[in-house]
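Chain by chain, the residues:
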Amino acid sequence: MRSTPSSARRWDGSLAHVRVRRSLRVSGDSASRLLRCGQSDRCRDCGNRIEWYHRTNKRPVRLHPHELPAAKVPAICHWHVSSGVAHPAGDGSGWCRLPHAMLCPARDGLPAVPQLAGLRRALAVNTRRLIDSGAFIPPSATSKTEPLPTTTCRPARPVVQLLYVRYLANRPVNEIQCVAQTRRRHRCPSPLLTSATQAGAWTLVPTVATHGQLPLSGAVMAVYALTGLPYAEQLRWRAQHCPEHAAIPTVADVAVAEWEPFDPLLHHEHIHTRLPTLTRRQGPAGPSGKATQP
């Protein structure tokens, strides 16, 4: 006869209790400091720390790096992470995560949530501290210190087409930075587009819908097309490596590639109907004091 299993074990002899879950961490002597989930970064608008996760539709989302008591946060703002995937709902526990977009002090017009006002003020104070110490320069300050005689219609988040797939970039084309790790374990400062590499071409293409959505009639958009480049060059762009690190197959990454699959309905505010290569010259000031265009 088989003995009756104890209450601490299942019928097959395995332990019945669930072990305490631990967060993923990178070893100090690891060749790569990149986690495929929970990648640490800083917000480009406010300079505060964030964590990148992917949702069920494989789209990235920026979450606040710390958990908050679920009772002090509205239920509509609850997020949780399960198996490295972020879900916009609560998991029934007493803690929850928050998207950084609801707390970013650099964003105006956010919905007023009294429970989050204190945390948003704390992030605003930290942003001011980073600016005063010179550790963070907001994008608005850099645009004010670089006046140009002509204004170029350069999108801040362009749509890039490579390998016949359209992606939404996180920054202008000439500012897309390599994500490889240097010998000093820092992120490579080299851009993807250099004077020694082949450049893409801006073109106007129809704005088509995806995933069974209704087509957008008569709409065109500006796309930075890389489909004319060699296949190896397009792979380098998708991996977001500079030419030097692209030649090293075993190079480690220190950040996640910033490509986001483009959806014309979700990213409609990033659709531009003019080619960014066209410039608008500022003519002499008129009687009202405003510049006129020729």
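Conventions we followed
- Along each chain, residues carry numbers from 1 onward, in the same order as the chain's sequence is written.
- Given that the model is predicted, a residue must reach a pLDDT of at least 70 before its local features are reported, and side-chain atom pairs must reach 80 or more before they are shown or counted; all residues, however, enter totals for whole chains, interfaces and linings.
- The side-chain values count all of the structure's non-hydrogen atoms but skip hydrogen atoms and water molecules.
- Think of it this way: any DSSP run of H or I at least four residues long counts as a helix, any run of E at least two long counts as a strand, and we number them from the N terminus.
- The classification of residues rests on relative accessible area computed with a 1.4 Å probe and restricted to protein chains. Under 20% of the type maximum is buried, over 50% is exposed, and intermediate values are partly exposed.
- We call two residues in contact when some of their heavy atoms are within 4.5 Å.
- Salt bridges, as used here, are contacts in which a Lys or Arg side-chain nitrogen is within 4 Å of a carboxyl oxygen on Asp or Glu.
- The score called pLDDT rates the predictor's confidence residue by residue, from a low of 0 to a high of 100.
- For this analysis, a ring pair means two rings from Phe, Tyr or Trp (six-membered ring only for Trp) whose centres lie within 6.5 Å, classed as stacked if their planes differ by under 30 degrees, edge-to-face if by over 60, and tilted for the remaining angles.
- Under the rule applied, a polar contact is a pair of N or O atoms within 3.5 Å (in protein, one hydrogen donor and one hydrogen acceptor; residues adjacent in sequence only if both atoms are side-chain atoms).
- Residues belong to one nonpolar core when they are buried, are Ala, Val, Leu, Ile, Met, Phe, Trp, Tyr or Cys, and are joined through side-chain atoms within 4.5 Å.

### Some remarks on the overall build of the protein chain
Within the protein chain one finds four helices and 14 strands. The burial tally for the protein chain puts 32% of its 294 residues in the buried class. Within the protein chain, contacts between residues at least 6 apart in sequence are counted, and of these 56% link residues at least 24 apart.

### Let's talk about the pattern of salt bridges
Counted by the stated rule, this structure contains six salt bridges. Residue Glu260 is joined to Arg157 by a salt bridge in which the shortest nitrogen-to-oxygen separation is 3.2 Å. Of the two residues, Glu260 is situated in strand S13 (residues 260–261) and Arg157 in the loop between strand S8 (150–152) and strand S9 (159–162); the sequence distance between them amounts to 103 residues. The exposure class of Glu260 is buried, given its relative accessible area of 12%. Residues Glu258 and Arg187 are paired through a salt bridge, measuring 3.5 Å at the closest nitrogen-oxygen approach. Here Glu258 is found in the loop between helix H4 (243–246) and S13, whereas its partner Arg187 is found in the loop between strand S10 (165–168) and strand S11 (201–206), with 71 residues between them in sequence. Here the salt bridges do not stand alone but share partners, grouping Arg171, Arg187 and Glu258 into one network.

### Focus on the confidence of the model for the protein chain
Should the pLDDT be low somewhere, the predicted coordinates at that spot are not to be read in detail. Averaged over all residues, the pLDDT of the protein chain is 79; the fraction at 70 or higher stands at 71%. pLDDT under 50 marks residues 1–5. Its contacts with residues more than four places away, or in other chains, come to two contacts. Note that pLDDT drops below 50 for residues 279–294; the model gives that stretch 25 contacts with residues more than four away or on any other chain.

### A look at the packing of aromatic side chains
Using the criterion set out here, one finds three aromatic pairs in the structure. Plain terms: the ring middles of Tyr224 and Trp237 are 6.4 Å apart, the flat faces sit at 45° to each other, and that makes the pair tilted. Of this pair, Tyr224 sits in strand S12 (residues 220–225) while Trp237 sits in helix H3 (residues 231–239), and the two are 13 residues apart along the sequence. Each of the two residues, Tyr224 as well as Trp237, counts as buried. Among the aromatic residues, those joined into a cluster by ring pairs are Trp202, Tyr224 and Trp237.

### Looking at the side chain of Glu258
Residue classification places Glu258 among the buried positions, given a relative accessible area of 15%. Here Arg171 takes part through its side chain, which lies 3.2 Å from a polar atom of the side chain of Glu258. In contact with Glu258, other than residues within four places in its own chain, are Leu168, Ala169, Asn170, Arg171, Arg187 and Gln240.

### Let's talk about the nonpolar core
Ranked by size, the top nonpolar core spans 18 residues in total, and within it Val160, Leu162, Leu226, Trp237 and Trp259 carry the most contacts. Apart from the residues within four sequence positions on either side, Leu226 is in contact with Val160, Gln161, Leu162, Gly200, Gln234 and Trp237. Core analysis: the second largest hydrophobic core is formed by 10 residues, Ala70, Cys96, Leu116 and Leu123 among them.

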